[in-house]
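Survey of secondary and tertiary structure
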Amino acid sequence: MPIHAPRAHLFDTVTLEAPKARLTHAGRKSVYEALNLVAYIDMMTMLVIFLLMSFSATGEILFVQKNIVLPEAQNWTELERAPVISVTKDVVTLDGAQVATGDELAKDSATGDANITELHDKLVTLKNNYKLLHPNQDFNGVAIIQSDKGVEFKILKKVMYSAATAGYNNVNFAVKSKSAKPGGPATE
Amino acid sequence: MSVSVQAGKGGKKSLNVDLNLVPYIDLLTCMVAFLLITAVWTQLSRLQAQQRGQGQAGEETPPELQTKIVVVVGQEGFSLVVGQDQTPIPKKGSDYDFEKLAAELKKAKDTHPDKNDVQVASEDQIVFDTLIRTMDTALSARFPDISLIDTGAAGI
């Protein structure tokens, strides 16, 4: 049996030159490689759809502070723009500015004076500003109380009383929406 | 990405056309960035309450002629007052019995279908979460006009 020098045997049966060159990659290779962008575009499209579905045109009216855990409610209505009074066990703030501390609120309970002076004064200023800026509109007296779920009514009572004496009689409590449907019986 | 178009009558020229996807990807990227920045992750809403004590806020008929519905929230549980009737709803263990309160409020609504207002009278030590759940229960029982007051102001 004759002995042959070793050589490549792959595609030996293909006799035509051009197909053989292509099969054995003997032709000139292109340096360009097409990226498969289908998966990327699919992902981006899904992301855009998801974000568009959760898009809120009103934006974020309330910024929940770190130390506030809001209670949940099923029969809720949409938020509207109004002064935000944040209440925790330690501090009461109006639109981010501190107006009372928890110690002060605890002290006042014995004297029977439920009014938080600084909160009252700032709310009166806000009310006067509103009336100046909107001379043709009625003042609706809406304030939003954003309170931690563990705050006692003793503190809330004083905040509500101060708001009421300043002219803010319609108090709204900020809550986390439990169900997707706003309104409920309140709007029926 | 390319689109293949069949060449008519066995022509040799390839009619594959590369779609230019760069503007589309740019648009998607901008939209994703904008929507991510403006996204609102926590859905917050409100519960409306009024501060109305006994005989306030323009009540036309004398208070004694009106049937007043008051939910008193105390340390031991609820007490539902409808006119002169008082129904105590004690706690179930350490939790408030919201189910029974809902049932009692529903009964009160069936008895007084024209009544839309209910007062929630709270003791000082009651926490905000309990008050919100009480008001939520009252709203579920079709009492849309809720006042949050002190037990002293309820006049019971």
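Structural notes, computed from the coordinates. (Residues numbered from 1 in each chain as written. Chains lettered and ligands numbered in written order. Predicted model: local features only at pLDDT ≥ 70, side-chain atom pairs only at ≥ 80, totals over all residues.)

Things to note about the interface of chain A and chain B
Counting from both sides, the interface comprises 51 residues of chain A and, opposite them, 37 residues of chain B. Put simply, the parts of the chain that give the side of chain A that touches chain B at least two residues each are helix H2 (38-53), strand S5 (142-147), helix H5 (153-165) and strand S6 (170-177) of chain A. As defined by bridge partners, S6 of chain A adjoins strand S3 (residues 44-50) of chain B across seven bridges and the pair is classed as antiparallel. Note that in S3 of chain B the partner of valine 171 of chain A across the bridge is alanine 49 of chain B. (Contact = placed C-beta atoms within 7 Å. Helix = DSSP H or I, 4+ residues; strand = E, 2+ residues; numbered from the N terminus. Pairing = 2+ DSSP bridges.)

Examining the packing of helix H2 (residues 98-111) of chain B against helix H3 (residues 128-140) of chain B
Residues and elements named next belong to chain B. One way to put it is that H2 packs onto H3 with a least axis distance of 9 Å and a crossing angle of 35 degrees. Once H2 is placed against H3, the crossing between them reads as right-handed. On H3, the residues that touch Phe98, Leu101, Ala102 and Leu105 of H2 are Arg133, Thr137, Ala138 and Ser140. When its residues are assigned to classes, the contact of H2 with H3 shows five nonpolar, two polar and one charged. (Axes fitted to C-alpha atoms, helices over the stretch in contact; angles between N-to-C directions. Left-handed = near helix turned anticlockwise from the far one by under 90°. Nonpolar A, V, L, I, M, F, W, Y, C, P; charged D, E, K, R; others polar.)

A closer look at H2 of chain B
Residues and elements named next belong to chain B. Taking 1.5 Å per residue as the helical rise, H2 with its 14 residues ought to reach 20 Å, and the 20 Å between its terminal C-alpha atoms agrees with that figure. Here H2 has its buried residues at Leu101, Leu105 and Ala108. Burial along H2 is one-sided: seen end-on, the buried residues are contained in an arc of 55 degrees. Of the exposed residues in H2, those oriented more than 90 degrees away from the buried face are Glu99 and Asp110. (Expected span 1.5 Å × (residues − 1). Buried ≥ 20, exposed ≤ 12 C-beta atoms within 10 Å, placed from the backbone. Arc of directions from axis to C-beta.)

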